[in-house]
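# Structure at a glance
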Amino acid sequence: MSDGRIDVEVEAGDWRDVGDVEALVVRAATAALGSEVGALTVLLTDDAAQAELNARFRGREGSTNVLSFPAPDSARPHLGDLSLAWETCRAEAESQGKPIGDHLGHLIVHGVLHLLGRDHMDDAEAEAMEAEERTILAGLGIPDPYRAETSHT
């Protein structure tokens, strides 16, 4: 369990439709951290703000579901920041036939693993990261998000 702090900021979007979204985010992030010590900030925003972040920091146009911003080692125990876009996340959950809360939990776990240094640049890394996600999500009672998918999130 993390000895750090998980801050959740609901900036824009209909994230409150998820229910106690802050508790869900903290629970998923804490599970992903496992025994790692660290703090992070999670921004829940909309597609417009996410598109601005994506363009500014990644040089890519448009919104995306989750962005991870790892902190430098000198910032420890702060691991970094995550940003999630409401419209994109909701549309993905609907198209995949998943509850938005389950999809959000998966994306938080995925993003935290990125902050911890995991990646999916090649098939071996992707398989390892997906296996770790499945284990964490099972502990949260969230079904395997990859069972019906053919590509990595």
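Everything below is about the structure shown above.
Keep in mind that this is a model prediction, so the values were computed, not measured.

All right, on to the environment of Thr-41 then. You can see Thr-41 is positioned in strand β2 (residues 39-45). For the pair Thr-41 and Ser-83, spaced 42 residues apart in sequence, the C-alpha to C-alpha distance is 8.5 Å. Beyond its immediate chain neighbours, meaning those up to four positions away, Thr-41 contacts Asp-7, His-78, Gly-80, Asp-81 and Leu-82.

Moving on, we come to the packing of aromatic side chains. Summed over all chains, the structure comprises 2 aromatic pairs. Both rings, one in Trp-15 and one in Trp-86, keep their centres 5.0 Å apart while their planes meet at 75°; by these two values the pair is edge-to-face. Residue Trp-15 is located in the loop between β1 (6-10) and α1 (21-33), and its partner Trp-86 is located in helix α3 (residues 86-96); the two are separated by 71 residues in the primary sequence. This pair shows no difference in class: Trp-15 is buried, exactly as Trp-86 is. Aromatic pair Phe-57 and Phe-69: ring centres 5.3 Å apart, planes at 70°, arrangement edge-to-face. With Phe-57 in helix α2 (residues 47-58) and Phe-69 in strand β3 (residues 66-70), this pair connects stretches of sequence that are 12 residues apart. Taking the relative accessible area as the measure of exposure, Phe-69 reaches 22% and is therefore partly exposed.

A separate point is α3. For α3, the full list of buried residues reads Trp-86, Thr-88, Cys-89 and Ala-93. If you follow the buried residues of α3, they end up packed against β2, α2, β4 (78-85) and α4 (100-115). Immediately beyond the C-terminal end of α3, within one or two residues, lies Gly-97, with a positive phi of roughly 65°.

A separate point is the packing of α4 against helix α5 (residues 123-139). It is the contact of α4 with α5, at a shortest axis distance of 10 Å, that shows an interaxial angle of 130°. When the axis of α4 is compared with that of α5, the two are oblique. At the point where α4 passes α5, the crossing takes the right-handed sense. Facing α4, whose interface residues are Gly-105, His-106, Val-109, His-110, Leu-113 and His-114, α5 presents Met-129, Glu-132, Glu-133, Ile-136 and Leu-137. Taken together, the residues that form the contact of α4 with α5 break down as 5 nonpolar, 4 polar and 2 charged.

Before going further, it helps to examine the environment of Glu-132. With respect to the secondary-structure elements, Glu-132 resides in helix α5. Considering only alpha carbons, one finds Glu-132 and Val-109, 23 residues apart in sequence, at a separation of 9.4 Å. Glu-132 has contacts with Leu-113 and Arg-118, leaving out every residue within four places of it along the chain.

How each quantity is defined
- Residues numbered from 1 in each chain as written.
- Predicted model: local features only at pLDDT ≥ 70, side-chain atom pairs only at ≥ 80, totals over all residues.
- Heavy atoms only, no water.
- Helix = DSSP H or I, 4+ residues; strand = E, 2+ residues; numbered from the N terminus.
- Contact = heavy atoms within 4.5 Å.
- Phe/Tyr/Trp six-rings, centres within 6.5 Å; stacked < 30°, edge-to-face > 60°.
- Buried < 20%, exposed > 50% of the residue type's maximum accessible area, 1.4 Å probe, protein only.
- Axes fitted to C-alpha atoms, helices over the stretch in contact; angles between N-to-C directions.
- Parallel < 35°, antiparallel > 145°, perpendicular 65-115°, else oblique.
- Left-handed = near helix turned anticlockwise from the far one by under 90°.
- Nonpolar A, V, L, I, M, F, W, Y, C, P; charged D, E, K, R; others polar.

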